[in-house]
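# Inside the fold
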Amino acid sequence: MSIFKEDMLKGKHVLITGAGSGLGRQMAVAFSSLGATVSIVGRREEKLKETAEIISRNGKVCYYRKCDVRNIDEVRDALSYFASSAGEPNVLVNNAAGNFISRTEDLSFNAFNAVIGIVMQGTLHFTLELGKSWISARRPGTILNIVAGYASTGSGYVVPSAIAKAGVLSLTRSLAAEWGKYGIRSTAISPGIVPTEGSVSRLAPTEEIQKMLIDRIPMKRYCTAEELAELASYLISDAASFINGDVVTIDGGEKQWLSGQFNFLDALTPEQWALIKSLRKE
Ligand code: HXC
């Protein structure tokens, strides 16, 4: 149940990449329930159809087109299909992602290309195509990119994703400065891990890794897809009309925990704290 008014996104035509499942699907359902027209792309037509059916059960329409965001011809085809169906989208959410947990020395160039192609090139394809069109038609627009905490810090073991998300974060900030004058806003969300079919099985494949990940989140749980969709709804809405170039973190304090040098003391037992207290000089 959203806290927002039902028609908050009326007048928005939102294009979401990677919306056949996971966060993309959740955002599509949320935006549509708040009055937006929603168009979605993804690589698997049957998954897109499922998202569209969920939305149609709520009495709303969702346009979909199979599209690999790495392929500019498919991107152009999808954009022209949506423009002829519901008019050109005025909001773009770059959500499509790919990621492997791996030692970097075990990755081939093809593995790098697959992830960078989806995350960085895919974002660039849709951003440039729509951005150029908005500018030449003198129409405002909104871009929301989904990044990750390691976009600004880097991270081992997810290096293709880290470098691609860093590029997307830089694109967000750069275009905010350059395209703000055209009424085009660029923002980003930096989520912690959100359990979806594509994420946990890949990023936290064993129970042991899942426990390690949750232990370092101060709120001791993952972010939910609904929480992320609420934040995204706000950022693409007119209520956020002066937010441009910022990245909003939604990770339960995980990034903060990781950056505090002494936060590892969380692991100490009451007995260890009693010992530390007894060593105090009175
Ligand atoms: C290492 C791998 C690999 C793996 C594939 N490759 N899987 N290398 N570890 N797990 C290698 C292959 O051997 C191949 O290299 C190259 O990568 C391309 O593989 P393909 O399978 O041919 O690629 P493709 O069909 O294009 O599919 C790639 C993909 C797919 C789209 C990324 O894996 C996929 O659908 N992933 C699901 C989406 C996903 O990852 N979602 C999670 C995002 S979560 P060679 O050299 O053999 O040709 C996320 C959140 C981050 O990003 C934030 C966390 C806080």
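Our subject is the structure that appears above.
Residues numbered from 1 in each chain as written. Predicted model: local features only at pLDDT ≥ 70, side-chain atom pairs only at ≥ 80, totals over all residues. Heavy atoms only, no water.

### A few points about the pattern of salt bridges
For the structure on display, the rule yields 11 salt bridges. Its salt-bridge partner being E254, residue R216 comes within 2.7 Å of it at the nearest N-O pair. You can see R216 sitting in the loop between α8 (207–215) and α9 (225–236) and its partner E254 sitting in helix α10 (residues 254–259), a full 38 residues away along the chain. When its relative accessible area of 27% is taken as the criterion, R216 is described as partly exposed. By relative accessible area, E254 is classed as buried at 9%. Here the salt bridges share partners, and the residues they tie into one network are R25, K47 and E50. (Salt bridge = Lys/Arg side-chain N within 4 Å of Asp/Glu carboxyl O. Helix = DSSP H or I, 4+ residues; strand = E, 2+ residues; numbered from the N terminus. Buried < 20%, exposed > 50% of the residue type's maximum accessible area, 1.4 Å probe, protein only.)

### Quick word on the packing of aromatic side chains
Overall, the coordinates contain two aromatic pairs when judged by the stated rule. Its guanidinium or amino end placed over the ring of Y81, R65 lies 4.4 Å from that ring's centre, counting from NZ or CZ. (Phe/Tyr/Trp six-rings, centres within 6.5 Å; stacked < 30°, edge-to-face > 60°. Lys NZ or Arg CZ within 6 Å of the ring centre and 35° of its normal.)

### Details of the site of the ligand
Among the 17 residues in the neighbourhood of the ligand, the closest are listed as R43, R70, N99, S108 and N110. In the model, an oxygen atom of the ligand is placed 2.7 Å from a nitrogen or oxygen of the R43 side chain. Contact distances for the ligand include 2.9 Å between an oxygen atom and a side-chain N or O atom of N110. In the complex, 61% of the free accessible area of the ligand, which totals 1,100 Å², lies under the protein chains. It is helix α4 (residues 109–136) that contributes the most residues to the shell around the ligand, three residues altogether. Along the lines of polarity and charge, the residues of the shell around the ligand split into nine nonpolar, five polar and three charged. (Near = heavy atom within 4 Å. Polar contact = N/O pair within 3.5 Å; in protein donor to acceptor, adjacent residues only side chain to side chain. Areas by Shrake-Rupley, 256 points an atom, 1.4 Å probe, with all protein chains shown as cover. Nonpolar A, V, L, I, M, F, W, Y, C, P; charged D, E, K, R; others polar.)

### Some details on the layout of surface pockets
Within this model, the second largest pocket holds a volume of roughly 270 Å³. If you trace the second largest pocket, you find it lined by M1, S2, F4, E6, Q26, V29, A30, S33, L34, E226, A229 and E230. Classifying every residue of the lining of the second largest pocket by side-chain character gives six nonpolar, three polar and three charged. (1 Å grid on protein atoms, 1.4 Å probe; cavity = no way out; pocket = protein on both sides within 12 Å on 5 of 7 lines; lining within 4 Å. Points joined across faces, edges and corners; volume = space filled by probe spheres on them.)

### Re the pairing of strand β4 (residues 91–94)
Here β4 shows two buried faces, one formed by V91 and V93 and the other by L92 and N94. Relative to β4, strand β1 (residues 13–17) is paired through three bridges, and the arrangement is parallel. From the neighbouring strand, L15 faces β4, where its bridge partner is L92. The pairing of β4 with strand β5 (residues 141–146) spans four bridges and is parallel. Counterpart to N94 in the pairing with β5 is N145. In this fold, β4 hands off to α4, which returns the chain to β5; that crossover is right-handed. (Pairing = 2+ DSSP bridges. Right-handed = clockwise from strand over helix to strand, strands pointing away.)

Remember, this is a structural readout, not a statement about activity or role.
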